[in-house]
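Topology and contacts: notes
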Amino acid sequence: MRDLNRNMLTTAFALALFASATTALAGPDSLQQHTVVVSGTGSTLEQPLTKADWELVLDAMDSLVAELESSAFRPAEPPLDSGTWHQHDAWPKFDDATLKARLQAIPTTIPLTFNATVRSWIEMYTLRNRAGVQRMLGLRDLYFPIIEQELDKRNLPMELKYLAVIESALNTHAVSPQGATGLWQIMYPTAKGLGLRIDTYVDERRDPYAATDAGIDYLEQLYGIYGDWLLVIAAYNCGPGNVNKAIRKAGGKRNVWAIFDYLPKETRGYVPAFISAVYTFNYYKEHEFTPWKCRFSYSYSDTVMVSENTTFVTLSEQLDMSVSELRYHNPALRKDVVPGGSGHYPLRLPHDKAMLWLNKRDEILAAAREPAKPAPSPSPETEAAAAEAVPETVATEERHTSTEPARLLYTVKSGDNLTYIAGWYAVSVSDLRTWNKLSGNAIKAGQKLVVYKPANEAHRYTGLAGMSFTDKQRTAGQGVTASAAAPGSATSGTSTLLYRVKSGDTLWSIARAHPGNSIDSIAQLNGMSARSTLKAGMTLKLQK
């Protein structure tokens, strides 16, 4: 968990307990009758506890609970986008009987058991991680056909495709803290044993075709051991050694629910997460999800054989396509270089570009022999797989325009965590870690984080930095333009007024006295830090 000030934590929990008890006994209006004393270094501030204060406490508690849950309840990987934690009452909910009946109606040979743990995971997907699910619903059109074709060829249950959902959130560039990589989150030793190529230039764990073939090979090997798909799914997560140990502790019982309490903690969440993913993807319409749209498709691509080392920059110039698009089609390439010098390498291109390659092959290879030019940042190691999908509201012509990523900066606010920030920008937590060279999830207020978005999407996220936590949660994953920000953000299109600072004023007290303003929005509107010291007589711009 983040290194938070102990007094802040104590105060937040105390306020939450106090307000909760007060509300339960006397109703929400009674909050207006109480005061809260906040002490700092050398000063004491006594204020009535208003509804706005209570909302701030709720926001702080939301952040703390989400962090606790992400580390203690969810699997370590993949971290899902945060969605709208405190607004989930607005989304459809269904009773246990309905959820159980729906699971039983899904045609599969894998038993989809319903219990309290599975229900908790269904709520996680359908209520609290909606932005992440909508993104994955878009990416399924890109990756599921590849997985389904392989499963069909081997006559295996189609529902196994949902393992890629809970393994990587359908992110080919996902890397776990333990080093598991790609769509199927395969560890290095396992990958080498399955025949995948991993070297300086290539990591086939990130190639959806090669990784899917290897991942399903591994699933078949595990099924040969257990003959039970839920035990196979558990073993895929924690390894057959841990499953065998759990079977021994359970007296030889070979049923995942019989050995459930003896499985590693992460795996006890993994199997229910798989079942809930199957449910969510089959009944997303009933839960009012709007899938995003894929930016491109492998269905309209082909491979050409490259016999010399060729940079993406050269290919971009010769084939009139962006480096980003080359990366999207060839996620296994790690260095923006096609390693054809050691043998013919299959490069994936859109159909029209593959034809252009055939017509210009000699010219392109001649250009490849010239001194290399630097590729635009970011490198393929840091390319965000989230750029493969965009909200459905984006215009069709914009969705299919390939552009270089834009670099955005976000200043961390108190109460933020990587899960929230990833949800707001519709990227993955693993990408945030990679872009910012973070070894874990720890961030602190005032820290600046780099976020990459496709240039034709970046304008929708420029307003996030100045928005309040509540407003950012309302727009998670949707983006906010500088001219159409949500209420309470500094970039709202409304007019401004001038305010002369008085002795004793703080950004907090000014924001409270002027509805529609937040500390962050005032700071951004006036080109200052949220922690800036105010001086009597200075003039500030505020939203009307």
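Check the entry above for the structure.
Scope of this entry: the structure provided in the associated data block. (Residues numbered from 1 in each chain as written. Predicted model: local features only at pLDDT ≥ 70, side-chain atom pairs only at ≥ 80, totals over all residues. Heavy atoms only, no water.)

1. A look at the packing of helix H9 (residues 229-238) against helix H11 (residues 265-282)
The N-to-C vectors of H9 and H11 enclose an angle of 130 degrees; their axes lie 9 Å apart at closest approach. The angle between the axes of H9 and H11 places the two elements in the oblique class. Between H9 and H11 lies a crossing of right-handed hand. Here Leu230, Ile233, Ala234, Tyr236, Asn237 and Cys238 of H9 lie close against H11, whose contacting residues are Glu266, Thr267, Tyr270, Val271 and Phe274. Looking at the contact of H9 with H11 residue by residue, the classes come out as 8 nonpolar, 2 polar and 1 charged. (Axes fitted to C-alpha atoms, helices over the stretch in contact; angles between N-to-C directions. Helix = DSSP H or I, 4+ residues; strand = E, 2+ residues; numbered from the N terminus. Parallel < 35°, antiparallel > 145°, perpendicular 65-115°, else oblique. Left-handed = near helix turned anticlockwise from the far one by under 90°. Contact = heavy atoms within 4.5 Å. Nonpolar A, V, L, I, M, F, W, Y, C, P; charged D, E, K, R; others polar.)

2. Some remarks on empty space enclosed by the protein
Taken as a whole, this structure holds 4 cavities of 30 Å³ or more when the rule is applied. Of the volumes computed, that of the second largest cavity is approximately 60 Å³. Lining the second largest cavity, in full, are Pro92, Lys93, Phe94, Leu99, Arg119, Ile122, Glu123, Thr126, Leu127 and His287. For the lining of the second largest cavity, the per-class residue count stands at 5 nonpolar, 2 polar and 3 charged. (1 Å grid on protein atoms, 1.4 Å probe; cavity = no way out; pocket = protein on both sides within 12 Å on 5 of 7 lines; lining within 4 Å. Points joined across faces, edges and corners; volume = space filled by probe spheres on them.)

3. As for the environment of Ala458
Mapped onto the secondary structure, Ala458 falls in helix H18 (residues 455-458). For the pair Ala458 and Ala406, spaced 52 residues apart in sequence, the C-alpha to C-alpha distance is 6.3 Å. The contacts of Ala458, once residues within four sequence positions are left out, are Ala406, Leu408 and Lys453.

4. A few points about the nonpolar core
Core analysis: the largest hydrophobic core is formed by 77 residues, its most contacted members being Leu163, Leu170, Trp184, Val243 and Phe274. Among the elements of the structure, helix H3 (96-105), helix H4 (116-128), helix H5 (130-153), helix H6 (163-168), helix H8 (208-226), H9, helix H10 (240-249) and H11 are those that each provide at least two residues to this core. Here this core takes 10 residues from H5, the largest share from any one element. When sequence neighbours within four positions are dropped, the list of residues in contact with Val243 reads Tyr226, Leu231, Ala234, Ala235, Cys238, Ile259 and Leu263. Ala426, Trp435, Leu438 and Ala458 belong to the second largest nonpolar core, which has 26 residues in total. (Core = buried A, V, L, I, M, F, W, Y, C linked by side-chain atoms within 4.5 Å. Buried < 20%, exposed > 50% of the residue type's maximum accessible area, 1.4 Å probe, protein only.)

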